[in-house]
Amino acid sequence: MPEINLVGLTKKFGAFTAVHPSDLSAQNGEMLTLLGPSGCGKTTTLRMVAGLEQPTAGSIRIGARTIYDSSQDIDVPSENRGLGMVFQSYAIWPHMTVAENVAYPLRMRRVPKAQITEKVRDVLDLVGMAGFEEKSATKLSGGQQQRVALARALVFQPEILLLDEPLSNLDAKLREHMRFELRMMQQRVGLTALFVTHDQEEALTLSDRLVVMNQGRIEQIGTPEDIYERPATRFVAEFIGKGNMIEIASVDRAGGDARFDLPTFDSAVCIALPAKNVRGAGLQQNACLFIRPEKIMMGADGERGGQNAIHLPGRVSGRAYSGDHHEYLVAVNSQTSLKVKVAGGPRHEVDSKVTLAIPHSEMVLYA
Amino acid sequence: MSSVGQDVRRVPRFFDTSPPPHPPVSWVNRLGLKPSFFAYLLALLLAVLVLYPFLVLLVASFFTGQPGRLGDFTLASYETWLQSWDLLPILANSVIFATARLAIGLSFALLFAWAVARTDVPFSRTMHWLIPVPFFIPDLLTGISWLMLGNPQNGLINILAADWFGIREPVINLHGWGGLIFHASLGTISFMYLMLVGFFQSMDASYEEAAITLGANKYRAMFTITFPMLTPAIMSVSMLVFIHGLESFENPLLFGNPGGVYLFSNEIYRMLAYRHPPQYGAATALSILLIVTTFILLAVQWRKVGGKQFTVVTGKGYRPGKLKLPKSLRWTIFGLFCVYFMLSVVIPVGQIIINSFFPIFGFYSWDMLTLDNWRNVFRDQKAANGLRNTIVFSATAAAAVVVIGGLVGYIRVRTTHWLGRYLELAAWAPWTLPGIVMGLALLWAWALPPYPFNLYGTALVIIIGFIVKGLPLGTATMQSSIHQISPELDECSRVHGGSWLKTVAFIWGPLLRRGGVATFVIVFAIAARDLTIPLLLYQGGTETLTVALLTYYEQGKLGVLAVIALIQLLMVFCLLVLDRLVKGKDD
Ligand SMILES: Nc1ncnc2c1ncn2[C@@H]1O[C@H](COP(=O)(O)OP(=O)(O)O)[C@@H](O)[C@H]1O
Ligand SMILES: [Mg+2]
């Protein structure tokens, strides 16, 4: 399975730029996910790869083959790109049976009849739809349509598999189930896949690497751990997972460290962060501090939570129990409350005084 | 189906073999043939079909000649109309007629559409099935039938009144305004129902329900929410129907003219058919004046609704909750429907059927019963020609409109090609052209060019006329069925190896079959019922059934006429059944 490379790929709709020049590449056998809020240009990117939308500029290569290049005037028609695609609505043709739907790509490739029958049967077996060959496509449930769409996209051993929010039309339970199944299938077949979703949980669990997009630009590319643990930009930090974002009025960057004050109810806590915990252009104003709720330790009033941590006094203002952990809302000053996620330990009542300990290493300043 | 846990599925062995080759590059791609090519081709075609005759008509109105020869430049034709008061009564009559027809048609169409789509009126499915039927029966046919019953000299009703009750004065006189408006309204109700019921069906019921929750009673909700929300749609439909009113031909010919009521189309026809030599100049100038009038009306309308295009809405799957009406009202509405169906279908068709079995109109007794008319009709050259021509011409035109309408719809709905808007407009434009004007324009346009483009007197020119006449509704119907095909369905075909030509063949074709059949049926019906176009364009051998009907009517051969009318009805009925069958199969 070859890799796919996008270089400087751009799409404008009139004066509006849906996708700013972007570089991307998916390695051999990799599941690469495009993640971002709706309207950020994920679908447009995928459709350009599929040949359903003509890029304004840039090039697309699959392995050694250039399928689009605006400077060389290369534009391989969609049908000759050799891609498999699962559409958001599944696009199961209602006038065909399941077998006819799945056989379509093979028919277009002039595969002999006997082989078609065999391959269709085998691939339907793979997606767990064996025996459904003669069923009319209109009589399938959402999950079944999804499997058929996948079978159709796999049956001709495409070079790349494209998936545009394939799970978003399923109900929650089925969605989770199909998520794993999809991942398993892709890994077994060893397919290079481009997956589009706006659901971060889906993206984190499914992908080898993910690409976070915002307003037509790529914010960060990395493994799920990279993205979650080390968000490169403020947008990524806010978009992925639940995070605490504290606005910082001014930052002193003299001497490499970033120093700033965090006001509390009594006084202010002065924090000094090493440069490696600071991301972005290094502005002095409009900075903000990012901390994941599960990285904050919480103890009784005055309790110390170890070295290399700052300690903030606070008051519990809300609590929610969600099975395997408690979620607290802790006010550290009159304007700011922090979300804290604690698994086990003593329970803290609302209005009780607590001390939060935040390890320096877990704080990131986006400035 | 096995689940993830057990996981008995294996990757098929074929994944270890090399994949099948990419699809061969399609010849349409190798030739660089893009769908946009068809946009230009279509633009050319529509220019020739629609624009060209229009322009020739305009030019011809400034010349002294006749079809085939332009003659010299002159303004005299316009002076005839603009320097005398002759235009005024025609205009006044046309406006009065169009207004009355619209008012009656709209009231009943709204009532029926609302009742069928939004209330628990009894037999609503039957009503929905039967109300459109009159639209498919030619006006000429029901009109002649009603005149057999209600003309003041020997109308059956008047004869019976004289025989049984000794009333010497005619009890019913359908000549003149009364008969004209009565009969024209019957067809209008049916047509407007067809146009409007989709809006009622697809309208979101939650607005109404919200109003009812807030304490409005059902009828207030209807008048304050339902109708106002549909106002733009109702206005558009009304304007189109009003314009058609100005242009009516058959009804005023049958009912109005004997009572001295002439409208635009009749006047144009009179200039051509009843004057010696035919007054081509005056007729052409009057046609242009009529077109100008309708354009002004349309421009006003466009400004009002902001240029929003009128489209035929087909119901979505969503069935809004139905309003419960009191018993008396439910049955009153149903009763009105029964009366309507009696007047528009049962009585006229019944009269035609009876008449087809008697040699002389009006003399009905058991011993006169005969099949002679039925036998004669098959020996009658005119009728046989008419039947064949009507079927061939209408079917050809309908097939052409399905293709043209499909392409226009595709370009309009699926591409952003700049020509899309203009193509749609060109397909709509003939709506504003009365049949008689269209006939005259085609006569001018195709008698002018040299051989081999001179189509004067050929069947082709009538077929062109039917295509142009069927384009507006045909295109709208095709377009709305294209709207219902999700773009992902054909994109999916492209990505998985189908060239656009194969996508058309394997995906679009089958998915559009139902819309295509519906379009075919509508255009066929429009063409088969049309009198005006063939009336001006036929020559010996190319007459249609409607022309034969009118000829026999004028000759008073009402027995054969009845048989021809029934054959025509049968044809329409077969089509409707075909339409139902296709729909039924898909459901
Ligand atoms: N055909 C189009 N014409 C104009 N704007 C478009 C078109 N398709 C998408 N857009 C715009 O481009 C942006 C990106 O759209 P899309 O790629 O569909 O977003 P996503 O899939 O990430 O939700 C959106 O703002 C959308 O409105
Ligand atoms: Mg999208």
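All values reported here derive from a predicted model rather than from experimental measurement. (Residues numbered from 1 in each chain as written. Chains lettered and ligands numbered in written order. Predicted model: local features only at pLDDT ≥ 70, side-chain atom pairs only at ≥ 80, totals over all residues. Heavy atoms only, no water.)

(A) Looking closely at the overall build of chain A. The number of helices and strands found in chain A is eight helices and 22 strands. In terms of overall dimensions, chain A has C-alpha extents of about 80 × 50 × 35 Å along its principal axes. Across the 367 residues that make up chain A, the buried fraction comes to 54%. In chain A, of all internal contacts separated by at least 6 residues, the share reaching a separation of at least 24 is 66%. Of the accessible surface of chain A, which amounts to about 15,400 Å², a share of 48% is contributed by carbon and sulfur atoms. A gap of 3 Å separates the mean positions of the 40 positive and 42 negative side-chain charges of chain A. (Helix = DSSP H or I, 4+ residues; strand = E, 2+ residues; numbered from the N terminus. Buried < 20%, exposed > 50% of the residue type's maximum accessible area, 1.4 Å probe, protein only. Contact = heavy atoms within 4.5 Å. Areas by Shrake-Rupley, 256 points an atom, 1.4 Å probe, with all protein chains shown as cover. Lys, Arg positive; Asp, Glu negative; His and termini not counted. Charge placed at Lys NZ, Arg CZ, Asp CG, Glu CD.)

(B) Region of the structure containing the domain arrangement of chain B. All names here are of chain B. For chain B, the assigned domains are domain 1 (31-51 + 370-587) and domain 2 (94-204 + 231-263 + 289-355). Spacing between the C-alpha centres of domain 1 and domain 2 amounts to 24 Å. Contact with domain 2 buries area across many residues of domain 1, yet Trp431, Thr432 and Arg529 alone supply 22% of it, more than any other trio. A salt bridge links Asp139 to Arg529, with the nearest nitrogen and oxygen atoms 3.5 Å apart. At the boundary of domain 1 and domain 2, one finds three residue pairs in polar contact (both at pLDDT 80 or more). When contributions to the side of domain 1 that touches domain 2 are tallied by element, the ones reaching two or more residues are helix 18 (419-428), helix 19 (435-447), helix 20 (459-483), helix 22 (500-529), helix 23 (532-537), helix 24 (545-555) and helix 25 (558-586). Counting residues per element, the side of domain 1 that touches domain 2 draws most heavily on helix 25, at 11 residues. (Domains from an automatic or database assignment. Buried area = accessible area lost by both parts, 1.4 Å probe. Salt bridge = Lys/Arg side-chain N within 4 Å of Asp/Glu carboxyl O. Polar contact = N/O pair within 3.5 Å; in protein donor to acceptor, adjacent residues only side chain to side chain.)

(C) Up close: the pattern of salt bridges. Summed over the entire model, instances satisfying the criterion amount to 23 salt bridges over all chains. Glu491 of chain B is the salt-bridge partner of Arg47 of chain A, the closest N and O atoms lying 2.7 Å from each other. Of this pair, Arg47 of chain A sits in helix 1 (residues 42-50) while Glu491 of chain B sits in helix 21 (residues 487-495), each in a different chain. Overall, Arg47 of chain A belongs to the buried group, its relative accessible area being 18%. Classification of Glu491 of chain B by relative accessible area gives buried; the value is 14%. A cluster of three or more residues bridged by salt bridges with shared partners is formed by Arg47 and Glu53 of chain A together with Glu491 of chain B.

(D) How the structure looks around the site of ligand 1. Residues and elements named next belong to chain A. As a matter of local geometry, ligand 1 sits amid Phe13, Phe16, Ala18, Ser38, Gly39, Cys40, Gly41, Lys42, Thr43 and Thr44. Contact between ligand 1 and Gly39: an oxygen atom at 2.6 Å from a main-chain N or O atom of the residue. Gly41 is positioned with one of its backbone polar atoms (N or O) 3.0 Å from an oxygen atom of ligand 1. For ligand 1, whose accessible area on its own is 560 Å², the fraction buried by protein is 60%. When residues of the shell around ligand 1 are traced back to their parent elements, those giving at least two are strand 2 (16-26) and helix 1. Here the element with the most residues in the shell around ligand 1 is helix 1; it accounts for three residues. A per-class count over the shell around ligand 1 returns four nonpolar, five polar and one charged. (Near = heavy atom within 4 Å. Nonpolar A, V, L, I, M, F, W, Y, C, P; charged D, E, K, R; others polar.)

(E) Geometry of the sheet that holds strand 7 (residues 83-86) of chain A. Residue and element names in this part refer to chain A. Taken in spatial order, the six strands of this open sheet run 7-8-9-3-10-11, and their pairing is mixed. Edge positions in the sheet fall to strand 7 and strand 11 (217-222), since each of these pairs with one other strand and no more. Averaged over all adjacent pairs, the angle separating strand axes in this sheet is 15°, with direction ignored. Pairing geometry for strand 3 (residues 31-35) and strand 9 (residues 192-197), over five bridges, is parallel. (Pairing = 2+ DSSP bridges. Axes fitted to C-alpha atoms, helices over the stretch in contact; angles between N-to-C directions.)

(F) The arrangement of the domain arrangement of chain A in detail. Residue and element names in this part refer to chain A. Parsing chain A into structural domains produces domain 1 (4-237) and domain 2 (242-366). Measuring from the centre of the C-alpha atoms in domain 1 to the corresponding centre in domain 2 gives 40 Å. The interface of domain 1 with domain 2 comprises nine residues on the first partner and 10 residues on the second. For the pair domain 1 and domain 2, the summed buried surface comes to about 820 Å²; carbon and sulfur atoms form 43% of the total. When the buried surface of domain 1 facing domain 2 is broken down by residue, Tyr228, Arg234 and Ala237 rank first, second and third, together holding 66% of it. Across the contact surface, domain 1 and domain 2 share two salt bridges. There are five residue pairs in polar contact (both at pLDDT 80 or more) connecting domain 1 and domain 2.

(G) A look at the interface of chain A and chain B. At the interface, 53 residues of chain A touch 38 residues of chain B. Taken together, the two surfaces of chain A and chain B that pack against each other cover about 4,000 Å², and 62% of this comes from carbon and sulfur. Per-residue buried area on chain A facing chain B is highest for Glu79, Met108 and Gln157 of chain A; these three make up 18% of the total on that side. On inspection of chain A and its partner chain B, the count reaches two salt bridges. Joining chain A to chain B, the criterion identifies 11 residue pairs in polar contact (both at pLDDT 80 or more). Of all elements in the fold, only helix 1, strand 7, helix 2 (98-108), helix 3 (113-126), helix 4 (142-154) and helix 5 (172-189) of chain A reach the threshold of two or more residues within the side of chain A that touches chain B. Broken down by element, the side of chain A that touches chain B gets its largest block of residues, six residues, from helix 5 of chain A. For the side of chain A that touches chain B, a count of residues per class yields 27 nonpolar, 11 polar and 15 charged.

(H) Just a nonpolar patch on the surface, in detail. All names here are of chain B. Together, Ile157, Leu160, Trp164, Phe165, Ile167 and Val171 make up a nonpolar patch on the protein surface, roughly 610 Å² of accessible area in all. Considering the arrangement of structural elements, one finds Ile157 in helix 8 (residues 156-165). By relative accessible area, which is 32% here, Ile157 ends up partly exposed. (Patch = residues over 30% accessible without salt bridge, like charges linked within 9 Å, V, L, I, M, F, W, Y side chains within 5 Å.)

(I) Geometry of the sheet that holds strand 5 (residues 65-69) of chain A. All names here are of chain A. Across the sheet, five strands lie side by side as 2-1-4-5-6; this open sheet has antiparallel pairing. Of all the strands in the sheet, the pair left with one neighbour each is strand 2 and strand 6 (74-75). As paired strands, strand 1 (residues 4-13) and strand 4 (residues 57-62) are joined by five bridges and run antiparallel to one another. Along strand 4, the bridge assignment pairs Val7 with Ser59. Helix 1 rests against strand 1, strand 2, strand 4 and strand 5 of the sheet, and its axis sits at about 115° to strand 1.

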